[in-house]
Amino acid sequence: MKLVKTPDEVRAWRKTMPTLALVPTMGFLHEGHLSLMREGVKRAGVCAATIFVNPTQFGPKEDLSRYPRDLEGDLAKCESAGVSLVYAPEPASVYPAGYQTYVTVDDVSQGLDGASRPGHFRGVATVVAKLLALFRPDVALFGEKDFQQLQVIKALTKDLELGVEIVGQPTVREADGLAMSSRNAYLSKEDRQKALGLSRGLFRARDSRERDAEKVKAMIRAELGEVREDYVAVVDSETLKPISKIEARPARALVAAFVGTTRLIDNVAL
Ligand code: PAF
């Protein structure tokens with residue numbers, strides 16, 4: 001496995017690869033990321049990963065400086081998942097002085113995390129567009145845990161005609177249901193227990209087969225317990241617009257909540 005830090009090194013390597021899968025990450029890798037990498041190898045034969053804590057997707061009061069990092073551990077995990085190249089650039093190489101180009105995706109970036117984290121999806125869309133333009137992969141893989149992010153990336157890829165297949169992969173969970181997330185590292189033992197309210201509520205709502213969105217949301221809220229709700233939503237899976245009845249079109253329940261100071265998100269298909 002090769003580790004590179006500059007766009008020129010990526011371009012030189014890319015020329016030698018007939019087909020390629022890409023898994024962009026912010027590092028501190030867990031089983032969710034590794035399942036994307038293994039699937040990437042399966043789909044394209046060769047998989048590259050990126051590790052970059054992208055400053056433009058963090059708000060001024062968010063956790064950029066304390067976001068967990070472990071490059072050495074991450075490289076070992078990438079290697080074990082069959083990754084051929086890891087790109088881990090410095091922020092000044094991705095956003096050099098004078099950088100001024102950003103990508104905004106309108107509709108699906110509104111509401112939910114887009115409302116709670118202004119500018120977040122502009123940062124995500126910008127860095128993902130840059131990585132897709134640099135690597136020109138055949139397929140790029142993202143986790144469904146960040147469900148709105150996945151829809152934003154699908155929209156930008158389609159609208160900018162990047163010709164990359166975007167694949168969403170199911171959320172990987174701990175044995176007790178907690179969705180895997182690098183931010184779980186912030187949770188104390190006690191908070192980790194409280195955080196189970198998110199998945200418990202979502203599973204209860206899904207398993208109830210209830211079709212009325214208000215009742216679905218009430219079920220989720222009932223399980224949140226001491227966790228402070230940011231939002232609970234039932235939306236159309238593609239447009240992410242709120243719906244009142246779950247009918248023929250695919251629907252999704254999403255929740256964001258603060259466990260202590262840690263903001264967690266999770267979602268399920270209904
Ligand atoms: O999901 C993430 O880890 C990040 O938002 C992504 C897609 C790598 C962009 O920085």
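Residues numbered from 1 in each chain as written. Predicted model: local features only at pLDDT ≥ 70, side-chain atom pairs only at ≥ 80, totals over all residues. Heavy atoms only, no water.

1. Thoughts on the nonpolar core
Then step 1. In this structure, Tyr87, Phe135 and Ile166 are the most contacted members of the largest nonpolar core, which totals 43 residues.
Then step 2. When contributions to this core are tallied by element, the ones reaching two or more residues are helix H1 (7–14), strand E4 (85–87), helix H6 (120–135), strand E5 (139–143), helix H7 (147–159), strand E7 (228–236) and strand E8 (251–259).
Then step 3. If we ignore the near neighbours within four places in the chain, the residues touching Ile166 are Leu132, Ala140, Phe142, Leu150, Ile153, Lys154 and Thr157.
Then step 4. Grouped together as the second largest cluster of nonpolar side chains are 23 residues, Leu187, Val227, Val234 and Ala251 included. (Core = buried A, V, L, I, M, F, W, Y, C linked by side-chain atoms within 4.5 Å. Buried < 20%, exposed > 50% of the residue type's maximum accessible area, 1.4 Å probe, protein only. Helix = DSSP H or I, 4+ residues; strand = E, 2+ residues; numbered from the N terminus. Contact = heavy atoms within 4.5 Å.)

2. Thoughts on the site of the ligand
Then step 1. With respect to spatial proximity, the complete set of residues near the ligand consists of Pro24, Thr25, Met26, Asn54, Gln57, Val127, Val128, Phe142, Asp146 and Gln149.
Then step 2. The contact in question runs from an oxygen atom of the ligand to an N or O atom on the side chain of Gln57, over 2.6 Å.
Then step 3. In the model, an oxygen atom of the ligand is placed 2.6 Å from a nitrogen or oxygen of the Gln149 side chain.
Then step 4. Taken by itself the ligand offers 290 Å² of open surface, and the protein chains cover 89% of this.
Then step 5. Mapped onto the shell around the ligand, the elements with two or more residues apiece are strand E2 (21–25) and H6.
Then step 6. Here the shell around the ligand is built from residues that sort into five nonpolar, four polar and one charged. (Near = heavy atom within 4 Å. Polar contact = N/O pair within 3.5 Å; in protein donor to acceptor, adjacent residues only side chain to side chain. Areas by Shrake-Rupley, 256 points an atom, 1.4 Å probe, with all protein chains shown as cover. Nonpolar A, V, L, I, M, F, W, Y, C, P; charged D, E, K, R; others polar.)

3. A word on the sheet that holds E2
Then step 1. Pairing within the open sheet is parallel, and its six strands lie in the order E1-E4-E3-E2-E5-E6. Both outer strands of the open sheet, strand E1 (2–4) and strand E6 (165–169), are each paired with one neighbouring strand and no more. Taking the axes of each pair of neighbouring strands and ignoring which way they run, one obtains an average angle of 25 degrees across the sheet.
Then step 2. Inspection of the sheet shows E2 paired to strand E3 (residues 47–51) by five bridges, in the parallel sense. Paired with Leu22 across the strands is Ala48, a residue of E3.
Then step 3. Seen against the sheet, H7 touches E5 and E6 and runs at an angle of roughly 170 degrees to E6. (Pairing = 2+ DSSP bridges. Axes fitted to C-alpha atoms, helices over the stretch in contact; angles between N-to-C directions.)

4. Some thoughts on the side chain of Asp266
Then step 1. Locating Asp266 in the fold gives a position in strand E9 (residues 262–269).
Then step 2. In terms of polar contacts, Asp266 uses its side chain to reach the side chain of Arg173, at 2.9 Å.
Then step 3. Not counting chain neighbours up to four residues away, the residues in contact with Asp266 comprise Arg173, Ala179, Leu198, Ser199, Leu202, Ala253, Leu254 and Val255.

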